[in-house]
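Here is how the chains run, residue by residue.
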Amino acid sequence: MSAVLPAPPASGGLVARALRHPSFAIGAVLTLLLVAAAVLSLAWSPYPPAEIDIPHKLQAPSAAHWFGTDSLGRDIASQLLVGARASILVGVFAVLIGFSIGAALGLLASARGGWVEEGVMRLSDFTFAFPALLSAILLGAIYGPGLVTGIVAIGVFNIPVFARVTRAAANAIWAREYVLAARTAGKNRWQITWDHVVPNVASVLIVQATNQFATAIIAEAALSYLGLGTQPPMPSWGRMLNEAQTQMFQAPMLAVYPGMAIVLAVLGLNLMGDGLRDLLDPKLARKR
Amino acid sequence: MSVFLLKRFATFVATLAVASVLVFAVLDVLPGNVAQVILGDTATPESIAALEARLGLNRPALVRYGDWVGGLLQGRTAQSYSYDTPTATLIGERLQVTLPLALLAMAFTVLIGISAGVYAAARQNKAGDVGVMALSQLGIAVPNFWFAILLILLFAVKLQWVNAGGFPGWSEDDGGGLWPGLVALLLPAIALAVVQAAVLSRWTRSAVLETLREDYVRTARAKGLSRRAVLWKHVLRNAMIPVLTILGLQFAFLISGTVVVENVFVLPGIGRLVFQAIANRDLVVVRDVVLLLVAMVVVVNFVVDVLYAVIDPRLKPSDA
């Protein structure tokens, strides 16, 4: 007689476990702060972020300006708030590009195997030789810098990442007995991909998406620092760091605030990704 | 193993070839009129025609590509539009900063990352492990160029131990020297290494823990070998195999990080060259520099593949 495995916990159990998981809980709070800042900035900021006020430049933090002002008198708090928008925009679209094309390629490679799989993997190997920054340099040299250039450059680099992760996870599913049974029952490879592979690789891809979102935020900040990303007047944490560097001797803290914002956003997403990895692992779920 | 290496060499050559086609296509074909891009929208038709003739842009794309690649293979490069110097000369000068910086950063990455990873794995779930993993989690979240700015704030602005940027040169005749040059590259190398070391420490810890669970490790301990002896004699060599692969991938991130960090410290390396070239719309320089950076990544990954074959005995031909 075969042993009966305990049923996996219901979805309500997942939420409760998620809230008790330290990594996920801390990460989720930080991520929510990032999203809240971006959403709030659509409706309100303490000051217009691009408003120049030279008489009040390089002021220390005060009740009027919570984080002080920069070399043009612009409110730092407002720029930090609105800067979250650029990070979210780039993160969302760059991950969408990578996820949609990469996951599709990975599923195709796994389902077809043979030369199709080989071709997809060689293509992804090749794309790894072009880090997002180099792609942005290439595109920026021709089409000019900007938010779209950054999104495309980072998104293209995400494609092989998702392709590899999807293919590896999908190959493991294709080796399972229930897939063999489905093939024996007459299902074609696309039906099996849709019915069995996609639901079982979804959790892996969700975790990867949070990690790539974090990577995209850092990449956007680097591009903006170099002048290849978000352009004025839209604030960007990376460009704030570039401008702060010229004022390092007069106002060193100007270089700290945008960096801390980046660190907190990326840390939140990475912790959330780590937590999701644990929570969505069925082996760990059964142990609980 | 020779079949493995031949396959890898074929992939290496193919990747370089495809990269060159892509770089050429993006910078030379896609923009349409490259002379127009270089001179800008206000350029007159006469100046555009003159530049086209000078850069040979009126020839077919395939001829231009063949000329470019053929020249590179013979050590001949095109003339930079803004510097009026062969790009090879420009790149050669700048590599004297970028290469030592990348190597120094890689050395720090390996030293810190592998030590931290092995330390954490040997103390799994204890305070040491938790501390290292927390630090590595923080390290991964810190942008290398922000860390570079913080290092400047501390060591140059606050403590005034070093200059905030610049490079004195390797030659004492120019007011520099070996030691001043290394000092100038120290902070940039640390800034680059911190993030990569954080990533490497997590991979190393994972690889060492995986290897510690192997049966032969249990056998070695049962035979009476100490934990330290088992770690050094049996575990590390096997754990380094996947770590080596990650190092190769990390080099790509290190190279792009070098481009950013050079701009933070105002180092006259490849990173500064490519950004000056973009500002000057000198697409010839941008093309050659981007291909060089891609080639460096591909070469390093090929070297990693070769080392992989050397280290992993399963890839060697069996003895008769």
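Predicted model only: the values in this text are computed from it and were never measured.

> Quick one: what's the story with the overall build of chain B, residue by residue and with numbers?
Across its full length, chain B holds twelve helices and zero strands. Dimensions of chain B, computed from C-alpha atoms along their principal axes, come out at roughly 85 × 60 × 35 Å. Sorting the 320 residues of chain B into buried and exposed places 37% on the buried side. In chain B, 71% of the contacts between residues at least 6 apart in sequence involve partners at least 24 apart.

> Explain the overall build of chain A to me, and be specific about the residues and the numbers.
A tally of helices and strands in chain A yields eleven helices and zero strands. From first element to last, N terminus to C terminus, chain A shows the α and β order α-α-α-α-α-α-α-α-α-α-α. Taken along the three principal axes of its C-alpha coordinates, chain A extends 80 × 45 × 30 Å. Expressed as a percentage of the 288 residues in chain A, the buried residues total 48%. Sequence-distant contacts in chain A: of pairs separated by 6 or more residues, those separated by 24 or more amount to 71%.

> Before we move on, could you go through the nonpolar core and cite the residues and values that matter?
Counting residues in each nonpolar core, the largest one holds 165 residues, and the members touching the most others are Ile137 of chain A together with Val286 of chain B. Among all residues touching Val286 of chain B, those that are not within four sequence positions of it are Ile137 and Ala141 of chain A together with Leu27, Val274, Ala277 and Ile278 of chain B.

> So, the interface of chain A and chain B: which residues are in play, and what are the values?
Counting residues at the interface gives 30 residues for chain A and 39 residues for chain B. For the side of chain A that touches chain B, the secondary structure elements donating two or more residues are α4 (114–128), α5 (132–143), α8 (189–226), α9 (237–245) and α10 (256–280) of chain A. Here the side of chain A that touches chain B takes seven residues from α5 of chain A, the largest share from any one element. Grouping the constituent residues of the side of chain A that touches chain B by class yields 25 nonpolar, four polar and one charged.

> Break down the confidence of the model for chain B for me, with residues and values.
Residues and elements named next belong to chain B. Scored by pLDDT, chain B has a mean of 84; 95% of the residues are at 70 or more. Low pLDDT, under 50, characterises residues 316–320; the predicted model gives this stretch two contacts beyond four residues in sequence or across chains. Scored as a whole, the predicted complex attains pTM 0.86, and scored at its interfaces, ipTM 0.86.

Cut-off values and rules
Residues numbered from 1 in each chain as written. Chains lettered and ligands numbered in written order. Predicted model: local features only at pLDDT ≥ 70, side-chain atom pairs only at ≥ 80, totals over all residues. Helix = DSSP H or I, 4+ residues; strand = E, 2+ residues; numbered from the N terminus. Buried ≥ 20, exposed ≤ 12 C-beta atoms within 10 Å, placed from the backbone. Contact = placed C-beta atoms within 7 Å. Core = buried A, V, L, I, M, F, W, Y, C linked by C-beta atoms within 7 Å. Nonpolar A, V, L, I, M, F, W, Y, C, P; charged D, E, K, R; others polar. pLDDT = per-residue confidence, 0-100.

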